[in-house]
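Each chain, letter by letter, is given below.
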Amino acid sequence: MKIETRSVHSGRSVDPSTKAIVPPIYLSTTFERNVNGDYPAGYSYTRDNNPNRESLEKCITDLENGFGAAAFSSGSAAAMSVFQTLSPGDHLIAPDDLYHGNRKLIKLFAKWEITFSFIDMTSPKNVEKAITKNTKLIWIETPSNPMLKITDLQSISQISHAYGAVTICDNTWGTPVLQQPFKFGIDLILHATTKYLGGHSDVLGGIVISKEDSEIFKNIKQMQKSGGAVPSPFECWLVLRGIQTLPLRIRYQSESAFKIAEFLNKHPCISKVYYPGLPTHPGHQTAANQMKLYGGMISFQINGSETDAMNVAAGTRVFTRATSLGGTESLIEHRASVEGADSKTPVNLLRLSIGLEHPDDLITDLSNVLKKCVK
Ligand SMILES: *Cc1c(COP(=O)(O)O)cnc(C)c1O
């Protein structure tokens, strides 16, 4: 069935005891055993498994066409479970403009003697050059945050497999609707469900999906259950509810983002627009090969200073100044000051998360605030 249908129904069923259409939230932390010691419904203790978490994992596994999934309390907890599968001496390769939270997280693992290379992954040759005999994991993020660089999933997974490494794609910006990394040979997918999957800026969560019943996935599942960074039943319920409208939301957001990127691209106050849908974007062709639409995120550099950029963010009326992305409301963010001291993001860059408002209103809002910089 198509992804719209699966988004509505996967992992959900009518509650057998009450016939409720909407799944109940199972707050119970513990489940009764049979007299012989069995667990009749397969649940014993909610850190190990819970009906709401199981529904969510089933649904996202189905949307990504994977083998199984492990849900976590945040995207970062999900990423941590993957880094925790590494052993001292292992090497990992990640993009030079990796989501800054994951960059900070990887660096924490230095004291466990994990080594890492942050490289420009837009060229597969760079990946091949960076591989060592200890490379165990290649981390891809495409489109990347905040520069919207595009990485060729197929080429990197081929290189990775030739050297026996595991590839993971952070698909938070792509979502299973726009991009299906397993089709291109990727082994693991990560989502911050906080973003498009939850979709309403009201729940934190993360998930790792595996293409196969692999050793690394068993390790991740173990880390989920024993480490305990699990989402609550209510959080799982909220993400599962959000997913029902995911295909509709992300398509509309992508269409609006396209129009807004074109508007920005023609504007005299803007020096550079980063949006993979624009034919001038260096990753456009690769994006066209591996994505259905180009997503709801845009970055741009203002023709001016950090203060000029801050002033644009200060002047919008429909866009809200805030970090994060993937919600129903459009957000504008000065990225460098959020990322902090070691940020490589240009100081005159602003990032937009396009929401569900009408694109004409969003363009008018930007047009009004940009008028002030036309000299
Ligand atoms: C937000 C985000 C994360 C981290 O998710 P949290 O739920 O905030 O921990 C990881 N990757 C990307 C691309 C993100 O945008």
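Residues numbered from 1 in each chain as written. Predicted model: local features only at pLDDT ≥ 70, side-chain atom pairs only at ≥ 80, totals over all residues. Heavy atoms only, no water.

Asker: Got a minute to help me understand the site of the ligand in this structure?
Answerer: In the vicinity of the ligand there are 15 residues, among which Gly75, Ser76, Asp170, Thr194 and Lys195 approach most closely. Between Thr194 and the ligand, the recorded distance is 2.7 Å, taken from a side-chain N or O atom to an oxygen atom. Here an oxygen atom of the ligand and a side-chain polar atom of Lys195 are 2.8 Å apart. Of the residues in the shell around the ligand, the class split is five nonpolar, eight polar and two charged. (Near = heavy atom within 4 Å. Polar contact = N/O pair within 3.5 Å; in protein donor to acceptor, adjacent residues only side chain to side chain. Nonpolar A, V, L, I, M, F, W, Y, C, P; charged D, E, K, R; others polar.)

Asker: Looking at this model, I keep getting lost on the pairing of strand E5 (residues 166–170). Mind explaining?
Answerer: On any regular strand, side chains alternate: one points to one face of the sheet, the next to the other face. Buried residues dominate E5, accounting for four of its five residues. Bridge analysis of strand E4 (residues 135–141) against E5 gives five bridges, and the strand direction is parallel. Bridge pairing in E5 places Trp139 opposite Ile168. Where the polypeptide runs from E4 across helix H6 (residues 153–162) and back to E5, its parallel neighbour, the crossover connection is right-handed. As paired strands, E5 and strand E6 (residues 188–192) are joined by three bridges and run parallel to one another. (Buried < 20%, exposed > 50% of the residue type's maximum accessible area, 1.4 Å probe, protein only. Helix = DSSP H or I, 4+ residues; strand = E, 2+ residues; numbered from the N terminus. Pairing = 2+ DSSP bridges. Right-handed = clockwise from strand over helix to strand, strands pointing away.)

Asker: Whenever I open this one, unusual backbone geometry confuses me. Can you help?
Answerer: Among all residues except glycine, the phi angle is most often negative; among peptide bonds, the trans geometry is most common. At the junction of Thr142 and Pro143, the peptide bond is cis and its omega measures out at -10° in the coordinates. Within the element layout of this structure, Pro143 appears in the loop between E4 and H6. For the bond running from Asn145 to Pro146, omega is 10°, close enough to zero to count as cis. Take Pro146: it is sitting in the loop between E4 and H6. One non-glycine residue, Thr175, adopts positive backbone phi at about 65°. Relative to the helices and strands, Thr175 is located in helix H7 (residues 175–178). The exposure class of Thr175 is buried, given its relative accessible area of 0%. With a phi close to 50°, Ser201 is a non-glycine residue in the positive phi region. Structurally, Ser201 can be placed in the loop between E6 and strand E7 (206–210).

Asker: Help me out: how do you make sense of a nonpolar patch on the surface in this one?
Answerer: Together, Val14, Ile21 and Val22 make up an exposed nonpolar region whose accessible area comes to about 280 Å². Structurally, the position occupied by Val22 is in the loop between helix H1 (3–9) and helix H2 (51–64). Residue class for Val22 comes out partly exposed when judged on its relative accessible area of 46%. (Patch = residues over 30% accessible without salt bridge, like charges linked within 9 Å, V, L, I, M, F, W, Y side chains within 5 Å. Areas by Shrake-Rupley, 256 points an atom, 1.4 Å probe, with all protein chains shown as cover. Salt bridge = Lys/Arg side-chain N within 4 Å of Asp/Glu carboxyl O.)

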